[in-house]
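# Coordinates in review
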Amino acid sequence: MDKHFGKVFSPSDLREIRNDFPILKVKIKHRPLVYLDNAATSQKPQCVIDALDRYYSHYNSNVHRGLHELSELATTAYEQSRQRVAHFLKAKESCQIIFVKGTTEAINLVAQSYGRPLLKKDDEILITALEHHSNIVPWQVLCEQTGAKLRVAPINLQGEVIQEEYEACLSEKTKIVALAHISNALGTILPIKAMIAKARAVGAITLIDGAQAIPHLRVDVQDLDCDFYAFSAHKVYGPTGIGVLYGKKELLEAMPPYQGGGEMIQSVSFEKTVYQNLPHKFEAGTPHIEGAIGLHVALDYLHSLGYEGIAHQEHELLLYATELAHKHHLRIIGEAKEKTSILSFMVDNIHAHDVGTILNHYGIAVRVGHHCAMPLMEFFKVPSTVRASFAFYNTQDEIDALFEVIPKVREVFQ
Amino acid sequence: MNDELAELYQELIMEHNRHPRHYGVLAPCTHQAAGFNPLCGDQIKLRLQIENDLIMALMFEGKGCAISIASASLLTEALEGKSLAEAHELFTLFHETLTGQPESSHHSARLGKLAALIGVQAFPSRVKCATLAWHTLEAALANKDTPVSTE
Ligand SMILES: Cc1ncc(COP(=O)(O)O)c(C=O)c1O
């Protein structure tokens with residue numbers, strides 16, 4: 001892991017990187033696993049798996065609660081992870097990093113702790129038509145609670161947010177703007193820096209759902225000038241069950257706690273409880289300690305590979321797969337100019353579920369369904385799509401394997 | 001093609017998927033329900049005309065994978081003219097068969113054409129597709145108005 005790779009991974013780099021992921025040697029139905037479902041969750045490198053093992057074998061203990069050696073080790077490792085994340089996102093201070101269960105919890109936290117006390121009837125929350133359900137439903141709940149209205153900025157047929165329409169949706173009524181950085185169903189990269197500036201110009205605060213972005217793009221929260229940024233560790237080669245909410249300090253400080261319990265208090269009496277300062281105010285209960293430790297190692301791993309090499313490799317895979325998709329006359333859903341390594345498609349009018357079952361029979365793991373974006377499927381008038389999502393450890397051979405099955409699918413459904 | 005796949009997508013299934021029977025809107029009808037499989041977005045509407053506990057007519061419409069459409073089509077064929085008691089019994093047999101219950105090995109004769117869906121056994125994630133129409137039927141018979149979900 002100390003090794004640093006070049007801006008373009010060489011074939012031997014790629015072999016070495018692939019070897020870092022033990023699961024890629026697994027066989028499915030006697031064939032090598034072809035894992036093309038990275039947008040759902042990424043695989044974990046050995047160093048992350050080892051870090052979890054080391055924690056449980058050598059210093060498992062609760063954090064912020066004990067004076068004994070193990071507790072100090074665990075607390076230090078947990079807090080070092082917070083610093084690592086802060087550094088990774090270019091946050092000013094590590095107290096702006098709140099550990100949560102994942103992107104979903106981060107968005108719910110902002111909706112309930114920031115939005116609920118503040119929003120009034122007829123205030124507006126603006127999202128886009130390509131959001132994941134976890135960036136739709138928490139706002140709908142908030143609208144029900146406060147009488148605020150949810151507005152949706154539309155997209156075009158390529159799957160890009162129509163910027164003029166987005167601007168037209170913004171007004172002094174807009175209080176919160178919540179945007180995906182990258183669409184999980186289409187791969188579209190949103191021009192969020194400009195979109196954040198426009199939201200700020202009408203006085204709205206912004207939340208960026210970065211679940212799909214952190215695996216692919218370098219993010220600088222100060223440069224973006226977003227108010228909140230959320231992501232999940234499991235999509236960036238880290239463990240499940242942990243994620244991050246970054247927030248601007250003055251906002252986080254003014255917000256009430258999201259949940260009550262241990263860890264988040266300074267003192268408790270039946271008359272009055274004093275909450276902890278940031279970030280602990282938002283971390284009630286025993287946190288996902290090994291998750292934070294694993295996330296730290298995952299971010300180190302990503303750093304050692306470098307985003308240049310990752311982006312180059314993933315872009316090559318996307319181009320290769322897109323070319324094959326055209327060759328096989330597949331209908332591609334989502335053809336934004338700026339997109340990451342996600343290819344959503346339909347095979348004629350064969351239901352994605354049937355395609356997925358047949359692909360699985362050849363050891364190929366893709367996601368089929370509505371990708372937690374049912375309004376988006378409605379827009380494209382498809383019930384569901386097949387989604388292949390590539391990570392830097394995937395190969396052209398694996399993409400070949402995917403497309404070799406397409407004629408077999410058509411044979412069954414001819 | 002692989003054996004399990006061939007068993008799943010056997011000719012009768014594919015034929016019912018291409019040309020579903022009793023497809024459309026039954027009007028008037030005495031019972032109806034909508035069923036939804038949130039995992040894959042399959043949606044089915046089932047309408048029935050029931051008189052004196054007999055299913056006189058039934059029709060379905062909807063969108064879905066080959067298994068859910070074929071299963072709905074086979075259901076409408078199997079249940080036309082049957083009593084409600086027979087319908088419930090068939091559902092129990094069918095469900096036990098798909099989920100591979102031990103007692104189900106004797107069911108296939110009584111299932112008739114529905115036995116074509118036995119291949120689903122090898123694909124646990126597809127059982128919900130095959131049972132969607134049947135859950136919708138249960139909802140229609142109970143006259144529940146809210147859409148049923150197989151989750
Ligand atoms: C764009 C986007 N937002 C939010 C989420 C939710 O992430 P999680 O389930 O880890 O909370 C996902 C992942 O499914 C996603 O792709």
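Residues numbered from 1 in each chain as written. Chains lettered and ligands numbered in written order. Predicted model: local features only at pLDDT ≥ 70, side-chain atom pairs only at ≥ 80, totals over all residues. Heavy atoms only, no water.

## With respect to the interface of chain B and chain A
Condition: The contact definition used throughout considers only heavy atoms, calling two residues in contact when any of these lie within 4.5 Å. Using a 1.4 Å probe, buried area is obtained as the accessible area two parts lose upon being combined, added over both of them. For this analysis, a salt bridge means a side-chain nitrogen from Lys or Arg found within 4 Å of a carboxyl oxygen belonging to Asp or Glu. Under the rule applied, a polar contact is a pair of N or O atoms within 3.5 Å (in protein, one hydrogen donor and one hydrogen acceptor; residues adjacent in sequence only if both atoms are side-chain atoms).
With 23 residues of chain B at the interface, the matching set in chain A holds 16 residues. At the boundary of chain B with chain A, total buried surface from both sides reaches about 1,500 Å², with 63% on carbon and sulfur atoms. Per-residue buried area on chain B facing chain A is highest for B:L5, B:Y9 and B:C40; these three make up 28% of the total on that side. A salt bridge links B:R126 to A:D354, with the nearest nitrogen and oxygen atoms 2.8 Å apart. Taken together, chain B and chain A are joined by eight residue pairs in polar contact (both at pLDDT 80 or more).

## Examining the domain arrangement of chain A
Note on interface size: it is often stated as the accessible area lost on association of the parts. Residue and element names in this part refer to chain A. We apply this condition: Just so you know, the domain bounds were taken from an automatic or database domain assignment. Runs of H or I in DSSP of at least four residues are treated as helices and runs of E of at least two as strands, each being numbered from the N terminus. Three categories are distinguished: nonpolar for Ala, Val, Leu, Ile, Met, Phe, Trp, Tyr, Cys and Pro, charged for Asp, Glu, Lys and Arg, and polar for the others, with Gly belonging to the last.
Here chain A is described as being made up of domain 1 (11-44 + 306-412) and domain 2 (50-302). Taken over C-alpha atoms, the centre of domain 1 sits 28 Å from the centre of domain 2. With 40 residues of domain 1 in contact, the opposing surface of domain 2 contributes 34 residues. Summed over both partners, the interface of domain 1 with domain 2 comes to about 2,900 Å²; 55% of that surface belongs to carbon and sulfur atoms. Sorting the residues of domain 1 by area buried against domain 2 places Y307, T340 and L376 first, and these three jointly supply 23% of that buried surface. Taken together, domain 1 and domain 2 are joined by one salt bridge. The set of elements that each furnish at least two residues to the side of domain 1 that touches domain 2 consists of α11 (307-327), β14 (342-346) and α13 (374-379). No other element matches the five residues that α13 contributes to the side of domain 1 that touches domain 2. For the side of domain 1 that touches domain 2, the per-class residue count stands at 21 nonpolar, ten polar and nine charged.

## Some points on the packing of α11(A) against helix α14 (residues 396-413) of chain A
For any two helices packed against each other, the geometry is given by the interaxial angle and the distance between the axes. Residue and element names in this part refer to chain A. Test applied: Convention adopted: a line fitted to C-alpha atoms gives each axis, helices being fitted over their contacting stretch, and angles between N-to-C directions are expressed from 0 to 180 degrees. Working definition: roughly parallel below 35 degrees, roughly antiparallel above 145 degrees, roughly perpendicular at 65 to 115 degrees, and oblique for all remaining angles. Rotating anticlockwise by less than a right angle from the far helix to the near helix defines a left-handed crossing, while the corresponding clockwise rotation defines a right-handed one.
Packing of α11 against α14 leaves a shortest axis separation of 10 Å and a crossing angle of 20°. As far as their axial angle goes, α14 and α11 are roughly parallel. Regarding α11 and α14, the two cross each other, and that crossing is right-handed. The residues of α14 that touch α11, namely those facing L317, Y320, A321, L324 and A325, are Q396, I399, D400 and F403.

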